[in-house]
Amino acid sequence: MTTRTLAEEIARRRTFAIISHPDAGKTTLNEKLLLYGGAIQLAGSVRARRNQRATTSDWMELERERGISITSTVLQFDYGDHCINLLDTPGHRDFSEDTYRVLTAVDSAIMVIDAAKGIEERTRKLFEICSLRRIPIFTFINKMDRPSMDPIALVDQLEKALGIGAFPITWPLGSGADFRGVYDRIDRKALLFERTIGGMYKAPFETSGPDDARLRDQMAPDAYELWRHELEMLSIAGEQFDADAMKQGRITPVFFGSAMTNFGVQGLLDYFVRYGSSPAPRRSESGNIDPGDPAFSGFVFKVQANMNPKHRDIVAFVRVCSGVFEKDMQVSDPETGRLTRLSYPQRMFGQKRESVEVAYPGDIVGLVAHRSFRIGDTLSSRPDIKYQEIPRFPPEVFAHLRNPNPSKFKQFREGLGRLLDEGVIQTFQLVDGGTSPLLGAVGQLQLEVVSYRLKSEYGAESVLEPAPFQEIRWFDRGVKKEQLQDLYLGSGVRLAEDIEGELVILFQDKWGVSYFSEKNPRFTLHPVSPSASPVHQRGDVHAAG
């Protein structure tokens, strides 16, 4: 077995997420990358119709029922000499906050675009988040074997709509019914597609360039001339190939293909490991921390309860940022400051698990415990390292969660507590009465999932009762409810406390926020808790989401 240095382990790692608008083919591409990496023997397909097999990476029963991804999955596999960490993200917009948190843990992203639809709303928002964090993006234009937009128009839309340079590494030989394959502009290689059941492709062949007779023979004369004209336009007016600009996020390399038929996926993966970013220094409160720093450090970006319902445990997902993680190592508990042993590190593949003995920067480790770490916690062998990576987002949908069966109170309380630990939803207690908790979430589906999981995982029935609030604001720390008892807050406005005991004010619309601020200028309102760091409170991040 080859023993590598820490620097060599860092250099071989590629940690990324796939982002897209729903139905662009994200989950399908995810599985085909795993297939090429040898992580699965049979790639599934998105459950588009009844009786189709659910995707390999989706594990929650609700996901299998609805054919959607609403949780994040972490998958690791080797590809050649590289170690790939693939973080699958929720596809549903109601779980955008979970997606944004996952993006704090990656070094690159692959953006999937439907060739027929181009840039869609969620694609744009996720791109903005990546851009704010300067995450390099590779673009895969999917479904080229179906009717699609003009390739030049797609590249132009990429540049204009997203404000980024685009360099097509592969260029399609036709599209839709006339799709014949792709041409690699860097390696001057043609990969030809055969329209057969399941989709197949011929072995690639080297070419002398676009004028090669073998390319001309693949297309009708007029289609070939148009294709030649497009390549000329790209070489004259398009972006130039620049690997450094790619890694800095100023240019996105573009690939064409069809994830459903596997076509173009291997080329994307080959170029990704060649030019994708390895782990880079991370900013902490004490300065930038190089991944080669001998001190272990990492941060918790996701918490998931009941990935294995038999054990009722909680998994905290940690992105390793520096040094070497070792099983049973000791770090300071972020809450108590006492040394705590990291005894049950695991690597997840859907519901399957395997023990982790060692991990390096870029890797994701699942820490299994019955008392979880919190999202945003830093784990480190050096007490001066503290990361502030996790953005906070104010909830936009509110509902009361009521327990209709008093005999199940214990299960209801335990289940809700564990689901709250995941950090996807927030809970509040109204100041002027009410015993049922008020839940807040970024999207309605998040609340429905809580109710569903309470029943399926804890055997506790629950009733969701919509609350009329649409806006929430936090006061400065230290403001007490007694300071507001003589004020007129506005129609339908209520005071509450969050899980940390901080005072919040709930409004039914934005007008109520403006009215309160105008009438009570001595109180400063915040869109997220002032306990969050300045990184958490960046307005541009929230605006993009």
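Coordinates for the structure precede this section.
Residues numbered from 1 in each chain as written. Predicted model: local features only at pLDDT ≥ 70, side-chain atom pairs only at ≥ 80, totals over all residues. Heavy atoms only, no water.

Visitor: An account of the overall build of the chain is needed here, citing residue identities and associated values.
Guide: The number of helices and strands found in the chain is 14 helices and 31 strands. Split into buried and exposed, the 545 residues of the chain put 55% on the buried side. Carbon and sulfur atoms make up 48% of the accessible area of the chain, which amounts to about 23,900 Å² in all. (Helix = DSSP H or I, 4+ residues; strand = E, 2+ residues; numbered from the N terminus. Buried < 20%, exposed > 50% of the residue type's maximum accessible area, 1.4 Å probe, protein only. Areas by Shrake-Rupley, 256 points an atom, 1.4 Å probe, with all protein chains shown as cover.)

Visitor: How would you explain the pairing of strand β25 (residues 397-402) if you had to name every residue and give the values?
Guide: Where β25 meets strand β27 (residues 438-441), 4 bridges bridge the pair, whose relative direction is antiparallel. Its bridge partner lying in β27, H400 is registered against L438. As judged from the 4 bridges shared by β25 and strand β28 (residues 463-466), these two strands associate in the antiparallel manner. Each residue of the ladder has a partner; that of L401, found in β28, is L464. (Pairing = 2+ DSSP bridges.)

Visitor: Let's hear about the nonpolar core: which residues, and what values?
Guide: General note: in soluble globular proteins, nonpolar side chains tend to be found buried as a group. Counting 60 residues, the largest nonpolar core has L87, L103, W227, F256 and F301 as the members making the most contacts within it. Formed by 29 residues, the second largest nonpolar core is a distinct cluster that contains I84, F255, L268 and Y271. (Core = buried A, V, L, I, M, F, W, Y, C linked by side-chain atoms within 4.5 Å.)

Visitor: For unusual backbone geometry, give the residues involved together with the corresponding values.
Guide: One non-glycine residue with positive phi stands out, namely R188, at about 50°. Mapped onto the fold, R188 is located in the loop between β8 (181-184) and β9 (189-194). Under the relative-accessibility criterion, R188 is labelled partly exposed at 42%. The phi dihedral of N262 falls on the positive side, at around 70°, and the residue is not glycine. Among the secondary structure elements, N262 is positioned in the loop between β12 (251-256) and α10 (265-275).

Visitor: Please give an account of the packing of aromatic side chains that cites residues and values.
Guide: Per the stated rule, a full pass over the model turns up 25 aromatic pairs. Seen in terms of ring centroids, F193 and F263 are 5.2 Å apart; in terms of plane orientation they differ by 75°. Their pairing is edge-to-face. Linking F193 in strand β9 with F263 in the loop between β12 and α10, this pair joins segments that are 70 residues apart in sequence. The exposure class of F193 is buried, given its relative accessible area of 9%. Residue classification places F263 among the buried positions, given a relative accessible area of 0%. Through a chain of ring-to-ring contacts, the aromatic side chains of F16, F138, F167, F241, F255, Y271, F272 and Y275 assemble into a single cluster. The ring of F167 carries the charged tip of R185 above its face, separated from the ring centre by 4.6 Å. The side chain of R274 reaches across the aromatic face of Y271, ending 4.4 Å from its centre. (Phe/Tyr/Trp six-rings, centres within 6.5 Å; stacked < 30°, edge-to-face > 60°. Lys NZ or Arg CZ within 6 Å of the ring centre and 35° of its normal.)

Visitor: Could you give me a rundown of helix α2 (residues 26-36), with the residues and numbers involved?
Guide: An α-helix turns once every 3.6 residues. As a result, residues three or four positions apart point the same way. With 9 of 11 residues buried, α2 lies mostly within the body of the structure. Every buried residue of α2 is accounted for by K26, T27, T28, L29, N30, E31, K32, L33 and L34. Where α2 ends, the next residue or the one after it, G38, has phi of about 75°, a positive value.

Visitor: Requested: an account of helix α12 (residues 444-458), with residues and values cited.
Guide: Taking 1.5 Å of rise per residue, the 15 residues of α12 would be expected to cover 21 Å, and the 21 Å separating its terminal C-alpha atoms lies within 8% of that figure. Buried within α12 are the following residues: L445, Q446, L447, V449, V450, S451, R453, L454, E457 and Y458. (Expected span 1.5 Å × (residues − 1).)

Visitor: Pulling in residues and values, what's your account of the side chain of S297?
Guide: With respect to the helices and strands, S297 occurs in strand β15 (residues 297-305). Classification of S297 by relative accessible area gives buried; the value is 0%. Looking at S297, its side chain comes within polar contact range of the side chain of Y387, at 2.7 Å. For S297, the contacting residues outside a window of four places in its chain are I289, R319, V320, C321, S322, L379, S380, I385 and Y387. (Polar contact = N/O pair within 3.5 Å; in protein donor to acceptor, adjacent residues only side chain to side chain. Contact = heavy atoms within 4.5 Å.)

Visitor: Help me get a handle on the packing of helix α11 (residues 409-421) against α12, residues and values and all.
Guide: Where α11 contacts α12, the axes come no closer than 10 Å and their chain directions differ by 125°. One way to sum up the angle between α11 and α12 is to call them oblique. Note on packing geometry: the crossing formed by α11 with α12 is right-handed. Residue-level contacts link Q411, F412, E414, G415, L416, R418 and L419 of α11 to V450, R453, L454 and Y458 of α12. Taken together, the residues of the contact of α11 with α12 sort by class into 6 nonpolar, 2 polar and 3 charged. (Axes fitted to C-alpha atoms, helices over the stretch in contact; angles between N-to-C directions. Parallel < 35°, antiparallel > 145°, perpendicular 65-115°, else oblique. Left-handed = near helix turned anticlockwise from the far one by under 90°. Nonpolar A, V, L, I, M, F, W, Y, C, P; charged D, E, K, R; others polar.)

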